[in-house]
Amino acid sequence: MAHPDVRLGVRGFGPISEAEVDLRPLTVFVGPSNAGKTYLATLIYALHRAADGFASVPRRGEFITQRLGAMDARVADLAISDARKKLLEVGRPFTCGDLPEPARAGLRDMLASVVTELEAEIERCFDVDRCSELARAEGPDGGFRVALSLGEGGRALWDVRMNVPRQGELQQEGHVHDLVLVPAEATATERQDLVSGSREEPRALFEALIDGAAGKSRERRVRQMPAARSGVVQSHRVIASSLVARSTRGRAKGAAEIATLSGVIADFVQRLILHDEGKPQSEAIRQLADALEHDPIGGEIRVRRGVPGGYPDFVYRPEGTTHDIRLSRASAMVTELAPLVLLLRGGIDVGDTLIIEELEAHLHPAAQTRMADALGRLVRAGVRVVVTTHSDWLLKEVGNLMRQGDLVGDDPESTATDTTRSWLKEPEVGVWLFGREDAASGFSVKEIGFDRTEGVEPDEYEDVAEVLYNRSAELQNRLQERSGRRNLHGD
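Figured I'd write up the structure that's included with this text. Since we're looking at a predicted model, the values are computed, not measured.

Criteria and cut-off values
Residues numbered from 1 in each chain as written. Predicted model: local features only at pLDDT ≥ 70, side-chain atom pairs only at ≥ 80, totals over all residues. Heavy atoms only, no water. Salt bridge = Lys/Arg side-chain N within 4 Å of Asp/Glu carboxyl O. Helix = DSSP H or I, 4+ residues; strand = E, 2+ residues; numbered from the N terminus. Buried < 20%, exposed > 50% of the residue type's maximum accessible area, 1.4 Å probe, protein only. Contact = heavy atoms within 4.5 Å. Pairing = 2+ DSSP bridges. Axes fitted to C-alpha atoms, helices over the stretch in contact; angles between N-to-C directions.

**Focus: the pattern of salt bridges**
A complete count under the given rule lists 31 salt bridges for this structure. Across the salt bridge formed by aspartate 267 and arginine 49, the nearest N and O atoms sit 3.7 Å from each other. Highlighted residues: aspartate 267 in helix 9 (residues 263-273) and arginine 49 in helix 1 (residues 37-50), separated in sequence by 218 residues. Residue classification places aspartate 267 among the buried residues on the basis of a relative accessible area of 7%. Here arginine 380 ties to glutamate 428 by a salt bridge, and the two come within 2.6 Å at their closest N and O atoms. Remark: glutamate 428 occurs in the loop between helix 13 (392-408) and strand 15 (429-435) and arginine 380 occurs in helix 12 (residues 365-381); sequence separation between them is 48 residues.

**Looking at the environment of isoleucine 16**
Counting through the fold element by element, isoleucine 16 comes out in strand 2 (residues 16-23). The spacing of isoleucine 16 and phenylalanine 144 is 128 residues in sequence and 9.6 Å in space, taken between C-alpha atoms. When near neighbours in sequence (up to four residues on either side) are disregarded, isoleucine 16 contacts Val10, Arg11, Ala35, Gly36, Tyr39, Leu40, Arg136, Phe434 and Phe443.

**Side note on the sheet that holds strand 15**
What the 11 strands build is an open sheet, ordered 7-6-5-1-2-16-15-3-14-13-9; its pairing is mixed. Either end of the sheet is taken by a strand with one partner, and the two such strands are strand 7 (171-176) and strand 9 (222-225). Across the sheet, the mean angle from the axis of one strand to that of its neighbour is 15°, orientation sign disregarded. Where strand 6 (residues 155-164) and strand 7 come together, 6 bridges link them in antiparallel fashion. By the bridge assignment for strand 7, aspartate 159 is matched with histidine 175.

Structure below.
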C-alpha cells in the first residue's frame, strides 16, 4: 500500500525545541532519554486520531453538505449545475477548485475541526487539563506550535497549523490545495454514474466525492504500544475491574479526585479487553505473529475466555509443553512481546499505522535484531511503523535490511511476492536523532542519513563504544604493569 506523504513540525513542545520530521513507512526515533521521542510519537497518535486517519481529504463530507444546505436554493442550484457540467467533461480532472464556494468553505471547516479535535486528543493522550501545559518553559513565546502537511506523489494536498500560547486563545490556520477529486482518466460512464447517483439530493454528490477521495488513501487506524505495556498486559483485568467498580455515580460520590489514565494507556487497555482474533487480516501479518511466537518468544500466546470477571486472560504456553503460564509469571521478554503478537492477530492490518515505544525493552541482543526484521516485514505488508529505540543492535539490522533493499533491484527474482520478505528501500526509512547543543537548550531533531558503510547509527553510539574500549585498554595496561612489577620484585 502507498502511504500518503506526511510531514510534521513542532516548536516548543515538551522537551523539543524544534523538530521537522517526514513520516516514512518506517520511522525511527533515537536519542537520549527525556529528549522528547515519546512526546513526538504520542503527538503522531493524537494527530492521526484527530484527522480521522491521514488521508488526501481530512475527516468527512458532512461539512460540505452543511455549508451547501445554508445556501439560497436558487444560488445553490446554479452552483451545483455548473459543477456538474465540469464533472461530466471527459479528459479533465475535477478538483476542489471546481466545487461551489460554500463547498470549499466546508473543506476549510474540516481543517478547523481537525485542530479542535487535536486539542482534545492532545489533552486526552497526555492526560493534561490544558494543551498549554505541554509547552516548553524556556520557549520563545511561552507556547508551542504544531504543523501537519499531507501530500501524495510529490503533490501538496492540505496542511494545518496550530499555535497554543501559554495564555489566551488557540490560533489555527489551514489550507486545502487544489485536490483532484475525479481523475482525468475517469470515463464518461463513471462520471455519469457519479452525477446520476445524486439526482434526488444534489448536495450528496459533493459529500460522496469528498468521502471517496478520503477513503482511497486513508490510513484506517492507528495503534500505539506504550513503554508500560508489559505491566499493563499483566494487570489489564485488575485495571478494567477497578475502573468499572468506580464508574457508577454512587461510587464516585465523595471521591476528592479520581485518578485518570493517559489516552494512550486507556486505548491500549480497551483493546486488550475487547481483543478479537476473528477479524480478517493480512496473511503476511498473521504469519509474522506466528514467526514471533516461534522465535524469539519460543511458545504460544493464548487467550482464555470465560474467566471470572468476563475479561479475557492471556497466558503463555512454552513450545513442547501443554502447560499454560500466566503472563505475570512469564519472562519479561514474553510479556513485552505478547501485546505485539495479540495486536498482529486482531488489531492491525494493511493501511494502519503502528507506533511502538522502546521495542527492544527486555530483549536479548539477538532478539533485538529479529525485531528489526519484524519491522521490515510489517512495512512490506503495508503497515506504517513508528518506533522509539535506544538499541544499537536494532539499528544495525535496519541498516542491513536497507543494504538488502539496495540489492533487490539487481535481483528481479527477489522482488516476487513473499510474505517473509523484510528488506527495506532507503526512501522507506527515516531515522531521526534527538539531540541538543547545550544543557540550556531544548532538543532538536535531525535525520541520520543512510550510509552503506556506516548504516543508520548515531555517532554517539560509536563514541560510547570508543570510551569503553579506551577505558578497557587503560585498565588492561595498568594490570599488566602491576603484574610486571610483581615479577620484577619476585612477588
